[in-house]
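Residue-level listing of the chains:
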Amino acid sequence: LISLQGVARGVKSRNMVAHWNVCATDIQCMWRGKAARMEYDTARRQIILIQSAFRMHQRVEEYKQCRSGLISLQGVARGVLARSILAHLNACATDLERMWRGKAARMEYTTARNRVIKVQSAFRMHQCMEEYKKCRSGLISLQGVARGVKSRNMVAHWNACATDLERMWRGKDARMEYETTRRRIILIQSAFRMHQRVEEYKQCRSGLISLQGVARGVQARSILAHLNTFATDIQRMWRGEAARMQYDTARRQIILIQSSFRMHQCMEEYKQCRSGLISLQGVARGVKSRNMVAHWN
């Protein structure tokens, strides 16, 4: 029975160690997946920022090119107009009085046209800037909404992971409490059975003593010659009973020592596994905190 108990407890300990290894492997897989997703999200946010900056730079460059083209066109038009006016003045020098009124009207028209062109260019630039500001504000709002949705999804995933870890830990704690209670019950049962055996031994001993007294009285009154033979038989019986009692007592003490030693071994293994899990949780929380601080920076 002792060998069978040792084998059963060894199988149970190996099954517990295998289960803890599987749990540790699952936690590592979950943490590595979480780290990969966080790296992907960080890279995606950086790419989106780079794309937005590049597109804004393209819009600014297009606006600068359009503005420079309009300024060049204005310069060419003004140069052509000035050259035409100079040629007309040289050709119409003799008809100055007759052409003065026409010239004045044309100069007023040219001045008004130039002012209108400047006003148009300023208004169009203002329209482009307003459209750019609206597009920028819309993109910023869209980025805020996307980041909020992503943050809420991350918080929900973290809550689910924390719930799973709490469930696993509570199950482990309940199993350990059950094992501790079971060992204590076994100790109480062994102590009670030992007490029962001692009481039975005392009753048997008192009965034997009474029987010895009766037998001795009968022997003394009836056959004195057989006293030595009966005394020898009683001594033989008593020594056998004493040897059996000593054997039972030594066996019970050995069983108690074995159970105490195995309980101590199980407690040491539990403490080592618990310290390992606490260290793993500390490492995971440290990595998570550093990633969050890096993300906030």
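Residues numbered from 1 in each chain as written. Predicted model: local features only at pLDDT ≥ 70, side-chain atom pairs only at ≥ 80, totals over all residues. Heavy atoms only, no water.

Enquirer: Explain the overall build of the protein here, please?
Expert: Broken down by element type, the protein carries three helices and zero strands. Start at the N end of the protein and walk to the C end: the helices and strands fall as α-α-α. Its C-alpha radius of gyration of 52 Å places the protein more than 25% over the 19 Å reference for a compact globule of 297 residues. With respect to the three principal axes, the spread of C-alpha positions in the protein is 190 × 20 × 20 Å. Residue burial in the protein is summarised as follows: out of 297 residues, 8% are buried. At a minimum sequence separation of 6, the contacts of the protein that also span at least 24 residues come to 86%. When the accessible surface of the protein is summed, it comes to about 23,600 Å², and 62% of that surface belongs to carbon and sulfur atoms. Looking at charge distribution, the protein has the averaged site of its 52 positive side-chain charges lying 2 Å from that of its 22 negative ones. (Helix = DSSP H or I, 4+ residues; strand = E, 2+ residues; numbered from the N terminus. Rg over C-alpha atoms; globule rule 2.2 N^0.38 Å. Buried < 20%, exposed > 50% of the residue type's maximum accessible area, 1.4 Å probe, protein only. Contact = heavy atoms within 4.5 Å. Areas by Shrake-Rupley, 256 points an atom, 1.4 Å probe, with all protein chains shown as cover. Lys, Arg positive; Asp, Glu negative; His and termini not counted. Charge placed at Lys NZ, Arg CZ, Asp CG, Glu CD.)

Enquirer: I tried to follow helix 3 (residues 227–296) on my own but got confused; where do I start?
Expert: Taking 1.5 Å per residue, 70 residues should reach 104 Å; helix 3 reaches 102 Å between its end C-alpha atoms and fits that length. Those residues of helix 3 not exposed but buried are Met245, Arg252, Ser259 and Tyr270. (Expected span 1.5 Å × (residues − 1).)

Enquirer: Is there a simple way to explain a nonpolar patch on the surface in this structure?
Expert: A surface patch of nonpolar side chains, about 270 Å² in accessible area, is lined by Leu187, Leu256, Met263 and Met267. The dominant element in the nonpolar patch, judged by the number of residues it contributes, is helix 3, at three residues. Inspection of the secondary structure assignment puts methionine 267 in helix 3. Classification of methionine 267 as partly exposed rests on a relative accessible area of 31%. (Patch = residues over 30% accessible without salt bridge, like charges linked within 9 Å, V, L, I, M, F, W, Y side chains within 5 Å. Salt bridge = Lys/Arg side-chain N within 4 Å of Asp/Glu carboxyl O.)

Enquirer: For this particular structure, what's the right way to read helix 2 (residues 96–221)?
Expert: Because an α-helix completes one turn every 3.6 residues, residues spaced three or four positions apart along the sequence face the same direction. For helix 2, built from 126 residues, the straight-helix expectation of 188 Å at 1.5 Å per residue is met to within 8% by its first-to-last C-alpha distance of 184 Å. At glycine 102, helix 2 shows its largest kink, close to 25 degrees. (Bend = angle between axes of the 7 residues up to and from the residue.)

Enquirer: Is there a simple way to think about the pattern of salt bridges in this case?
Expert: Taken as a whole, this structure holds six salt bridges when the rule is applied. Where arginine 167 meets aspartate 164, a salt bridge forms, and the shortest distance between an N and an O atom there is 3.6 Å. Placement of the pair is arginine 167 and aspartate 164 together in helix 2, with a separation of three residues, close to one helical turn. Classification of aspartate 164 by relative accessible area gives partly exposed; the value is 29%. Salt-bridge contacts for glutamate 166 lead to arginine 170; the nearest nitrogen and oxygen are separated by 4.0 Å. One end of the pair, glutamate 166, and the other, arginine 170, are both in helix 2, four residues apart, so they sit about a helical turn from each other.

Enquirer: What is the right way to look at the packing of aromatic side chains in this model?
Expert: Each pair of aromatic rings is reported with the distance of its centres and the angle of its planes. Applying the stated criterion across every chain, the model contains zero aromatic pairs. Sitting over the ring of tryptophan 158, lysine 288 keeps its end group 4.4 Å from the ring centre. (Phe/Tyr/Trp six-rings, centres within 6.5 Å; stacked < 30°, edge-to-face > 60°. Lys NZ or Arg CZ within 6 Å of the ring centre and 35° of its normal.)

Enquirer: Could you clarify how one ought to interpret the side chain of arginine 45 in this entry?
Expert: Relative to the helices and strands, arginine 45 is located in helix 1 (residues 2–91). Lacking a salt bridge, the buried arginine 45 has aspartate 41 as its closest oppositely charged neighbour, with an N-O distance of 5.2 Å. Those residues within four positions of arginine 45 in sequence are excluded, and the remaining contacts are Lys150 and His295.

Enquirer: Please clarify how the state of the cysteines should be interpreted in this entry.
Expert: What makes a disulfide is a covalent bond joining the sulfur atoms belonging to two cysteines. Tallying each qualifying case throughout the model produces zero disulfides. With no disulfide partner, cysteine 29 has as its closest neighbouring cysteine sulfur the one in cysteine 23, 12 Å distant. (Disulfide = S-S within 2.5 Å.)

Enquirer: Got a minute to help me understand the packing of helix 2 against helix 3 in this structure?
Expert: Axes are the key here: two packed helices are described by the angle between their axes and the distance separating the axes. Between helix 2 and helix 3, the shortest axis-to-axis distance is 12 Å and the interhelical angle comes to 170 degrees. What the angle tells us is that helix 2 and helix 3 run roughly antiparallel. Broken down by class, the residue content of the contact of helix 2 with helix 3 amounts to 17 nonpolar, four polar and six charged. (Axes fitted to C-alpha atoms, helices over the stretch in contact; angles between N-to-C directions. Parallel < 35°, antiparallel > 145°, perpendicular 65-115°, else oblique. Nonpolar A, V, L, I, M, F, W, Y, C, P; charged D, E, K, R; others polar.)

Nothing here speaks to function; it is all geometry.
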